[in-house]
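Each chain is listed here by its residues.
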Amino acid sequence: MSHTVGIRQAQKQKTRQALMDAALRLLETQSLSSVGLREVTRAVGVAPTAFYRHFRDMADLGVALVEESLGALHATIGEALAEADDAARIDHSVAVVAALVRTSPAHVRFLAREQHGGVAPVREAIGKQLRQFGDEVAAAFADEPEAAGWSPEDLRMLAGLYVDHMVVTASALLEAGPRGEEEIAGLARRRLRLISLGRRHWLD
């Protein structure tokens, strides 16, 4: 019996992932608000009613795509934040973003379009993830000697600058393509180092 349940669960997960993958392909050329549920199920080859076994609606599927796109990045960004000095941290962080764009361009394009798109739950899910990244960056900065005297609000402001710039960098890398990657990544590193220099003199 447990074997049968396991097979059914695996098949259910496979169908769920297929729906997400199909939606992501459709989102290459259109926004989530314009993609129909029937388009997605037709691409997978399942009945529209089967969709509701996995998602409440297209917004719910979009939120799942946000989690798939950004959820696994927290551990990787944590490794970058653990670097011993600013230069290494910046290099590692930019490399992480460049790798994401290189390996998952459809996810990055989806996030860039939907961050300010018309589907509120997806906008909110992206915002929540970015705020979580900001909190993680602020916590890393707070543990450093240079943070002495900084208010929590200023640390969050600084972290927001880093996160916002990495989002801009991801969009620029996507637009530039592989040939422009090194130029965009180099500019991103220089800009983040400029922010880092300003950080050292903020309390002056």
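Structure first, text after, so check above.
Criteria and cut-off values
- Residues numbered from 1 in each chain as written.
- Predicted model: local features only at pLDDT ≥ 70, side-chain atom pairs only at ≥ 80, totals over all residues.
- Heavy atoms only, no water.
- Helix = DSSP H or I, 4+ residues; strand = E, 2+ residues; numbered from the N terminus.
- Buried < 20%, exposed > 50% of the residue type's maximum accessible area, 1.4 Å probe, protein only.
- Areas by Shrake-Rupley, 256 points an atom, 1.4 Å probe, with all protein chains shown as cover.
- Lys, Arg positive; Asp, Glu negative; His and termini not counted.
- Charge placed at Lys NZ, Arg CZ, Asp CG, Glu CD.
- Polar contact = N/O pair within 3.5 Å; in protein donor to acceptor, adjacent residues only side chain to side chain.
- Contact = heavy atoms within 4.5 Å.
- Salt bridge = Lys/Arg side-chain N within 4 Å of Asp/Glu carboxyl O.
- Core = buried A, V, L, I, M, F, W, Y, C linked by side-chain atoms within 4.5 Å.
- Axes fitted to C-alpha atoms, helices over the stretch in contact; angles between N-to-C directions.
- Parallel < 35°, antiparallel > 145°, perpendicular 65-115°, else oblique.
- Left-handed = near helix turned anticlockwise from the far one by under 90°.
- Nonpolar A, V, L, I, M, F, W, Y, C, P; charged D, E, K, R; others polar.
- Phe/Tyr/Trp six-rings, centres within 6.5 Å; stacked < 30°, edge-to-face > 60°.
- Lys NZ or Arg CZ within 6 Å of the ring centre and 35° of its normal.

Helix and strand counts for the protein chain come out as 10 helices and 0 strands. Going residue by residue from the N terminus, the α and β elements of the protein chain occur as α-α-α-α-α-α-α-α-α-α. By its C-alpha atoms, the protein chain is 65 × 40 × 30 Å across when sized along the principal axes. Across the 204 residues that make up the protein chain, the buried fraction comes to 43%. Put simply, the protein chain shows about 11400 Å² of open surface, and 56% of that area lies on carbon and sulfur atoms. If the 24 positive side-chain charges of the protein chain are averaged to one point and the 27 negative ones to another, these points end up 10 Å apart.

Turning next to the side chain of H74. Following the sequence through the fold, H74 ends up in helix 5 (residues 73–81). Judged by relative accessible area, H74 falls into the buried class, the value being 13%. Of the polar contacts made by the side chain of H74, one reaches the side chain of E136; its length is 2.9 Å. In this structure, H74 is in contact with Q129, Q132, F133 and E136, ignoring residues within four places of it in sequence.

Taken as a whole, this structure holds 11 salt bridges when the rule is applied. Where D86 meets R200, a salt bridge forms, and the shortest distance between an N and an O atom there is 3.9 Å. Taken together, the residues D86 in helix 6 (residues 86–103) and R200 in helix 10 (residues 181–200) connect sequence positions 114 residues apart. Put simply, R89 and E144 hold a salt bridge, and the shortest N to O gap is 2.2 Å.

A word on the nonpolar core. Judged by nonpolar contacts, the single largest core of 59 residues is most densely connected at V40, L61, L65, V66 and F110. Among residues more than four places away in sequence, those in contact with V40 are L19, A22, A23, L26, V35 and M58.

This next bit is on the packing of helix 7 (residues 105–114) against helix 9 (residues 152–176). In contact at an axis separation of 10 Å, helix 7 and helix 9 are set at 125° when each is read in the N-to-C sense. Relative to helix 9, the element helix 7 lies oblique. Of the two elements, helix 7 crosses helix 9, and the hand of that crossing is left-handed. For the pair helix 7 and helix 9, contact is made by P105, V108, R109 and A112 and by A170, S171 and L174, respectively. Of the residues contributing to the contact of helix 7 with helix 9, the split by class is 5 nonpolar, 1 polar and 1 charged.

Turning our eyes to something else, we now look at the environment of D143. Structurally, D143 can be placed in the loop between helix 8 (120–142) and helix 9. For the pair D143 and I126, spaced 17 residues apart in sequence, the C-alpha to C-alpha distance is 26 Å.

This brings us to the packing of aromatic side chains. For the structure shown, the criterion picks out 4 aromatic pairs. When the centroid spacing of 6.3 Å and the interplanar angle of 35° are considered together, the rings of W150 and W202 count as tilted. A residue pair is termed long-range when its members are at least 10 positions apart, and W150 in the loop between helix 8 and helix 9 and W202 in the segment after helix 10 qualify at 52 residues. Residue W202 is classed as partly exposed on the basis of its relative accessible area, which comes to 45%. Taken together through their ring pairs, the aromatic side chains of F51, Y52 and F55 make up a single cluster. Here R199 stacks its cationic end above the ring of F141, 4.3 Å away from the centre of that ring.

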